[in-house]
Amino acid sequence: EKNDEINKLQLEMQKKSMELAEKQYVQETEAIVPKFELSISSYSGHYLNPRLVLRNVSSMLISELTFISSSVRDMQGNIVRKVTNHRIKKRSLSPDGETIIEFEMLNLSKRISNREYQFYENVEFVFEFSCEDEKYNKHYFRAVLNIPNTKDFVGDHWKVEKVG
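Keep in mind it's a predicted model, so treat the numbers as computed, not measured.

Peer 1: Go over the sheet that holds strand β9 (residues 121-132) with me, naming the residues and quoting the values.
Peer 2: Where strands meet in a sheet, backbone hydrogen bonds hold them as pairs that are either parallel or antiparallel. One open sheet accounts for five strands, arranged β4-β3-β9-β10-β11; its pairing is antiparallel. The open sheet has two edge strands with one neighbour each: β4 (79-82) and β11 (159-162). This sheet shows a mean twist of 25° between the axes of neighbouring strands, independent of strand direction. As defined by bridge partners, β9 adjoins strand β10 (residues 138-149) across 11 bridges and the pair is classed as antiparallel. Each bridged residue has a counterpart across the sheet, and for Glu128 the counterpart in β10 is Arg142.

Peer 1: How would you sum up a nonpolar patch on the surface? Please name residues and give values.
Peer 2: Nonpolar side chains collect at one region of the surface, where Ile68, Tyr140 and Val163 lie side by side and expose about 250 Å² of accessible area between them. Topologically, Tyr140 is positioned in strand β10. On the basis of relative accessibility, which here comes to 35%, the residue Tyr140 falls in the partly exposed class.

Peer 1: Got a sec to walk through unusual backbone geometry? Specific residues and values, please.
Peer 2: With a phi angle near 55°, Glu64 is a residue other than glycine that sits in the positive phi range. Topologically, Glu64 is positioned in strand β3 (residues 63-73). Overall, Glu64 belongs to the partly exposed group, its relative accessible area being 45%.

Peer 1: Before we move on, can you summarise the pattern of salt bridges with the specific residues and values?
Peer 2: Per the counting criterion, the structure on display carries six salt bridges. A salt bridge links Glu102 to Arg51; its shortest N-O distance comes to 2.9 Å. Residue Glu102 is found in strand β6 (residues 98-104), and its partner Arg51 is found in strand β2 (residues 51-56); the two are separated by 51 residues along the sequence. We classify Arg51 as partly exposed; its relative accessible area is 28%. A salt bridge links Arg142 to Glu128, with the shortest nitrogen-to-oxygen separation between them at 2.8 Å. Here the residue Arg142 occupies a position in strand β10, and Glu128 occupies one in strand β9, the gap between them amounting to 14 residues.

Peer 1: Would you mind going over the sheet that holds strand β1 (residues 36-42) in detail, with residue names and values included?
Peer 2: Judged by pairing direction, the sheet is antiparallel, and its four strands sit side by side in the order β1-β2-β6-β5 without closing on themselves. Strands with a single pairing partner mark the edges of an open sheet, and in this sheet they are β1 and β5 (85-88). Across the sheet, the mean angle from the axis of one strand to that of its neighbour is 20°, orientation sign disregarded.

Peer 1: Could you give an account of the nonpolar core, with specific residues and numbers?
Peer 2: In this structure, Phe125, Phe127 and Trp158 are the most contacted members of the largest nonpolar core, which totals 31 residues. If one sorts the elements of this core by residue count, β9 sits on top with five residues. The contacts of Trp158, once residues within four sequence positions are left out, are Leu38, Ser39, Ile40, Leu52, Phe125, Val126, Phe127, Ala143, Val144 and Leu145.

Peer 1: Before we move on, could you go through the side chain of Ser63 and cite the residues and values that matter?
Peer 2: Secondary-structure assignment places Ser63 in strand β3. Setting aside chain neighbours within four positions, we find Ser63 in contact with Arg91, Ser92, Cys131 and Glu132.

Peer 1: Now, about the pairing of β4: what can you tell me, with residues and values included?
Peer 2: Sheet topology note: the β3/β4 ladder contains three bridges and is antiparallel. Bridging across to β4, Val72 finds its partner in Arg81.

Peer 1: Which residues make up the packing of aromatic side chains, and what are the values?
Peer 2: Summed over the entire model, instances satisfying the criterion amount to 12 aromatic pairs. With a centroid separation of 5.1 Å and 85° between ring planes, the pair formed by Phe36 and Phe141 is classed as edge-to-face. Taken together, the residues Phe36 in strand β1 and Phe141 in strand β10 connect sequence positions 105 residues apart. Since its relative accessible area comes to 3%, Phe141 is described here as buried. Clustering of aromatic rings is evident, with ring pairs tying together Phe36, Phe67, Phe103, Phe125, Phe127, Phe129, Phe141 and Trp158.

Conventions we followed
Residues numbered from 1 in each chain as written. Predicted model: local features only at pLDDT ≥ 70, side-chain atom pairs only at ≥ 80, totals over all residues. Heavy atoms only, no water. Pairing = 2+ DSSP bridges. Helix = DSSP H or I, 4+ residues; strand = E, 2+ residues; numbered from the N terminus. Axes fitted to C-alpha atoms, helices over the stretch in contact; angles between N-to-C directions. Patch = residues over 30% accessible without salt bridge, like charges linked within 9 Å, V, L, I, M, F, W, Y side chains within 5 Å. Areas by Shrake-Rupley, 256 points an atom, 1.4 Å probe, with all protein chains shown as cover. Salt bridge = Lys/Arg side-chain N within 4 Å of Asp/Glu carboxyl O. Buried < 20%, exposed > 50% of the residue type's maximum accessible area, 1.4 Å probe, protein only. Core = buried A, V, L, I, M, F, W, Y, C linked by side-chain atoms within 4.5 Å. Contact = heavy atoms within 4.5 Å. Phe/Tyr/Trp six-rings, centres within 6.5 Å; stacked < 30°, edge-to-face > 60°.

Pasting the structure below:
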């Protein structure tokens, strides 16, 4: 009977130990992945040539920040506008560091007459990029900003997800 109680206690302790190890593993794994905040700081009207601020909100140094692609898509996934050129001011970011990313892109409106414009509704601004962490592991990200109407400025933070 005592042996059964001892075995039961040992099993419970092992389960608790396993739970703690799992929690610690999840926390350590999350700490290894770079995290970012992205927002538009300015543009020249109707999202012409937007300027973005990318901030490293993780606790690690990241390097080799690399542009992959960027476009604006309608809800069917069709490309409305493509970024034709880009410039990233800093390619390495310390924790809490930020960089400016400048995009060359046509505005998100169509001229109907001299004083009248047609705007796009329900579009997504998509920006894909990669970086390396302190251990030279490469990470891929996709950032998305939902724009209900391109007539209005959307100053929200983009949804930034690790995709690879």
